[in-house]
Amino acid sequence: MKRSARAIIDTSALRHNLRRCREVAPNSLAMAVIKANAYGHNMLKTAETLNNANGFAVSCIPEALELRQARFIHPILVLQGFNTQQDLKAAAEHRLRVVIHDRQQLDLLDSARPSIKIDAALKLDTGMHRLGLPIEQARNLFERLGKHPNIKPTPWLMTHMACADEPGNRHTQAQLERFAKYTEGLQAPRSIGNSASILGWPQTHVNWVRPGIMLYGSSPFMDGNHKEDGLQAAMTLTAPLISIHTIAKGESIGYGASWTCPEDTRTGVVAIGYADGYPRHAPSGTPVWLNGKETRILGRVSMDMVVIDLTAIDARIGDQVELWGKHISVDRVARTAGTIGYELLCNAGNLCQHEYT
Ligand SMILES: *Cc1c(COP(=O)(O)O)cnc(C)c1O
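The model shown is predicted, which means the values in this text are computed figures rather than measured ones.

Colleague: It is not clear to me how the pattern of salt bridges should be interpreted in this structure. Could you clarify?
Modeller: Pairs may arise between side chains of opposite charge once their charged atoms sit close together. With the rule as written, the count across this model stands at 11 salt bridges. The salt bridge partner of Lys326 is Asp10, with a shortest N-O separation of 2.9 Å. Separated by 316 residues along the polypeptide, Lys326 in the loop between β18 (320-324) and α10 (330-336) and Asp10 in the loop between β1 (6-9) and α1 (11-24) bring together distant segments of the chain. When its relative accessible area of 38% is taken as the criterion, Lys326 is described as partly exposed. Residues joined by salt bridges that share partners form a network here, namely Arg3, Asp276 and Asp304.

What follows is the structure, given as structure tokens:
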């Protein structure tokens, strides 16, 4: 299905952002997180672009298998690990490093065939309370895995931070202290940091870092600015103007008639809407970019259209409007729409046609 909205992906920005990760965490190996179709940037193309990463991280086994089928030989970390004997077999055959985060996985391992040997990462819950085994049991579990006939030496030790996007946050401090205390002396590669940790918490730069959102040029911080973080926007979301009108003072625009023109207003209709992943919650005033100028949306976002203000903008039908990208940061749009850049990139990136530059 070809619609007119396009996500244009700048490969040099992706590469720049990986270099930025290495500059900030020079003593760590970087595992590029390319789950969810590389946050909407296309997993295989992103992997190709970032093929000098030290490894890749994905959520699930099928994503990892797609990478192997495309002949990527890098280390691959599977963040949600395995749930069946079949997963275990695939992990062994395709040399995947699978995360062990739940007791049920230990039972599966205990009943695995002797021929199965996997690389593992022991995920410890230090306070995020999503995936992970209790940090207090780190030593026992590590020793149990170390002796396990189905596990290759040496399992990694891993944890994940809940609040790294808030500089100085105490919860992060407490999580780091717990991780250090309970894993002290264990001889294993460690991995703690996502993008917010990489950019904001140097203590998390252990053997491996796990950059995700920063690779795509969106700031991981709550009120962040990707330029201040030294990042470049990788995705530009564009769609063409398909109609231009002048709407009379006092008339209103779009569903719900939620925006009323305070004076005669020149408007343009852009061929993008929530069916393309542009957020329906973006209110009147959300910024867009057209012909060298910033302007804004007016009224509600529809399924395949949005109306913008053309006051003081020289525009014609067919001109391309930037919804986010080089001029309007996805983080700014996300904040205006009450969400985060991650969600917008995943949604629009996975619904729109891609173009690589
Ligand atoms: C998604 C994910 C990452 C990457 O997070 P970003 O915030 O996008 O950098 C790292 N580690 C784990 C466990 C994840 O699930």
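Colleague: Looking at this structure, how should I read the site of the ligand?
Modeller: As a structural note, the neighbourhood of the ligand is formed by 13 residues, with Lys35, Tyr39, Ser195, Ile213 and Tyr342 the closest of them. One of the side-chain N or O atoms of Ser195 is found 2.5 Å from an oxygen atom in the ligand. Within the backbone of Gly212, one N or O atom sits 2.9 Å away from an oxygen atom of the ligand. Out of a free accessible area of 390 Å², the ligand has 92% covered by protein chains. Mapping the ligand onto the cavity grids shows that it belongs to the largest pocket. Of the residues belonging to the shell around the ligand, the class tally is five nonpolar, four polar and four charged.

Colleague: What's the story with the domain arrangement of the protein in this structure? I'm lost.
Modeller: By a widely used convention, the size of an interface equals the accessible area lost when the partners come together. The domain boundaries assigned to the protein delineate domain 1 (11-216) and domain 2 (235-356). Computed from C-alpha atoms alone, the centre-to-centre distance between domain 1 and domain 2 is 37 Å. Between domain 1 and domain 2, the contact holds 13 residues from the first and nine residues from the second. When domain 1 packs against domain 2, close to 930 Å² is buried across both sides, 64% of that on carbon and sulfur atoms. Seen at the junction of domain 1 and domain 2, the total is zero salt bridges. Connecting domain 1 to domain 2 are three residue pairs in polar contact (both at pLDDT 80 or more).

Colleague: Can you help me understand empty space enclosed by the protein in this one?
Modeller: If a probe as big as a water molecule is rolled over the atoms, it shows which places are left empty. All chains considered together, the criterion is met by one cavity of 30 Å³ or more. If you add up the space inside the largest cavity, you get close to 50 Å³. Here the residues of the lining of the largest cavity are counted per class, giving six nonpolar, five polar and no charged.

Colleague: Which parts of the structure should I look at to understand the pairing of strand β15 (residues 287-290)?
Modeller: Each regular strand shows side chains that alternate between the opposite faces of the sheet. Neither face of β15 is left uncovered, since the one carrying Pro287 and Trp289 and the one carrying Val288 and Leu290 both have all their residues buried. With four bridges connecting them, β15 and strand β16 (residues 293-298) associate as antiparallel partners. Bridge pairing in β16 links Trp289 to Glu294. The turn linking β15 back onto β16 is made up of two residues, and Asn291 within it adopts a positive phi angle of 45°.

Rules of the game
Residues numbered from 1 in each chain as written. Predicted model: local features only at pLDDT ≥ 70, side-chain atom pairs only at ≥ 80, totals over all residues. Heavy atoms only, no water. Salt bridge = Lys/Arg side-chain N within 4 Å of Asp/Glu carboxyl O. Helix = DSSP H or I, 4+ residues; strand = E, 2+ residues; numbered from the N terminus. Buried < 20%, exposed > 50% of the residue type's maximum accessible area, 1.4 Å probe, protein only. Near = heavy atom within 4 Å. Polar contact = N/O pair within 3.5 Å; in protein donor to acceptor, adjacent residues only side chain to side chain. Areas by Shrake-Rupley, 256 points an atom, 1.4 Å probe, with all protein chains shown as cover. 1 Å grid on protein atoms, 1.4 Å probe; cavity = no way out; pocket = protein on both sides within 12 Å on 5 of 7 lines; lining within 4 Å. Sits in = over half its atoms within 2 Å of the grid points. Nonpolar A, V, L, I, M, F, W, Y, C, P; charged D, E, K, R; others polar. Domains from an automatic or database assignment. Contact = heavy atoms within 4.5 Å. Buried area = accessible area lost by both parts, 1.4 Å probe. Points joined across faces, edges and corners; volume = space filled by probe spheres on them. Pairing = 2+ DSSP bridges.

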